[in-house]
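# Tertiary structure, described
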Amino acid sequence: KIIDVVIQSDSTKTKKSTVEDMQSKIVLSKEEQELASKYRRMLRMSIPPAAVRHKMEQDQASYKVITTVFPEEAKALERKQLNKDTARSRLTEEEQEIASKYQKMLNMGVPAEGVRH
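The sections below set out a description of the structure shown in this document.

## Some thoughts on the overall build of the protein chain
- For the protein chain, the helix and strand inventory stands at 8 helices and 0 strands.
- In the protein chain, buried positions account for 27% of the 117 residues.
- Contacts in the protein chain between residues at least 24 apart in sequence constitute 65% of all its contacts with a sequence separation of at least 6.

Rendered as structure tokens:
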């Protein structure tokens, strides 16, 4: 039961809006638009995306700005939250504690097959 919940992220298929739909729903303030423009400019200047992302973290950029500049992160964050919500509803508190250890392994990049064994 715990394994199924932890590993489900690769096999769960749910209805999700497309990246374009998510972006069209995001409304940025003028300040947020300026920030997003700054980060996009950095990307156009061939600054590595990881460096731009790091700068966004330093600047404490809002979720809306991050998902506007990096739409793929919005999808990943949505998937991660959905998996957490689903897992919490199916496991007891004790099972959630056990599962959290394995979820951390997945978050660190350990392949699902390695976590399963």
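Still to come is the rest of the account.
## What to know about the packing of helix α3 (residues 30-44) against helix α4 (residues 49-58)
- In the contact formed by α3 and α4, the axes pass within 9 Å of each other and the chain directions differ by 155°. Taken as axis vectors, α3 and α4 run roughly antiparallel relative to one another. Taken as a pair, α3 and α4 cross one another with a handedness that is right-handed. In contact with K38, Y39, M42 and L43 of α3, α4 contributes P49, V52, K55 and M56.
- In terms of residue class, the contact of α3 with α4 is built from 6 nonpolar, no polar and 2 charged.

## A short note on α3
- Helix length check: α3, at 15 residues, gives a terminal C-alpha distance of 21 Å against a target of 21 Å (1.5 Å per residue), a fit within 8%.
- Among the residues making up α3, those that are buried are E32, A36, Y39 and M42. Down the axis of α3, the buried set is contained in an arc of 115°. They therefore lie on one face. α3 presents K30 and R44 as exposed residues on the side facing more than 90 degrees away from its buried surface.
- The secondary structure elements touched by the buried residues of α3 are α4 and α5 (63-69).

## Some remarks on the nonpolar core
- The biggest cluster of nonpolar side chains holds 11 residues, and these are L28, A36, Y39, M42, V52, M56, A61, V65, I66, V69 and F70.
- When residues of this core are traced back to their parent elements, those giving at least two are α3, α4 and α5.

## A short note on the pattern of salt bridges
- In the structure shown here, the tally under the stated rule is 4 salt bridges.
- For K38, the salt bridge is made with D59, and the minimal N-O distance between the two is 3.3 Å. Of this pair, K38 sits in helix α3 while D59 sits in the loop between α4 and α5; the two residues are 21 residues apart in sequence, bridging distant segments of the chain.
- K38 gets classed as partly exposed once you look at its relative accessible area, which sits at 30%.
- Among the salt bridges present, the one from R53 reaches E57, with a minimum N-O distance of 3.9 Å. Of the two residues, R53 and E57 are both situated in helix α4; the distance of 4 residues between them amounts to about one turn of the helix.
- For E57, a relative accessible area of 47% corresponds to the partly exposed category.
- Shared partners join several salt bridges into a network, and the residues in it are K38, K55 and D59.

Criteria and thresholds
Residues numbered from 1 in each chain as written. Predicted model: local features only at pLDDT ≥ 70, side-chain atom pairs only at ≥ 80, totals over all residues. Heavy atoms only, no water. Helix = DSSP H or I, 4+ residues; strand = E, 2+ residues; numbered from the N terminus. Buried < 20%, exposed > 50% of the residue type's maximum accessible area, 1.4 Å probe, protein only. Contact = heavy atoms within 4.5 Å. Axes fitted to C-alpha atoms, helices over the stretch in contact; angles between N-to-C directions. Parallel < 35°, antiparallel > 145°, perpendicular 65-115°, else oblique. Left-handed = near helix turned anticlockwise from the far one by under 90°. Nonpolar A, V, L, I, M, F, W, Y, C, P; charged D, E, K, R; others polar. Expected span 1.5 Å × (residues − 1). Arc of directions from axis to C-beta. Core = buried A, V, L, I, M, F, W, Y, C linked by side-chain atoms within 4.5 Å. Salt bridge = Lys/Arg side-chain N within 4 Å of Asp/Glu carboxyl O.

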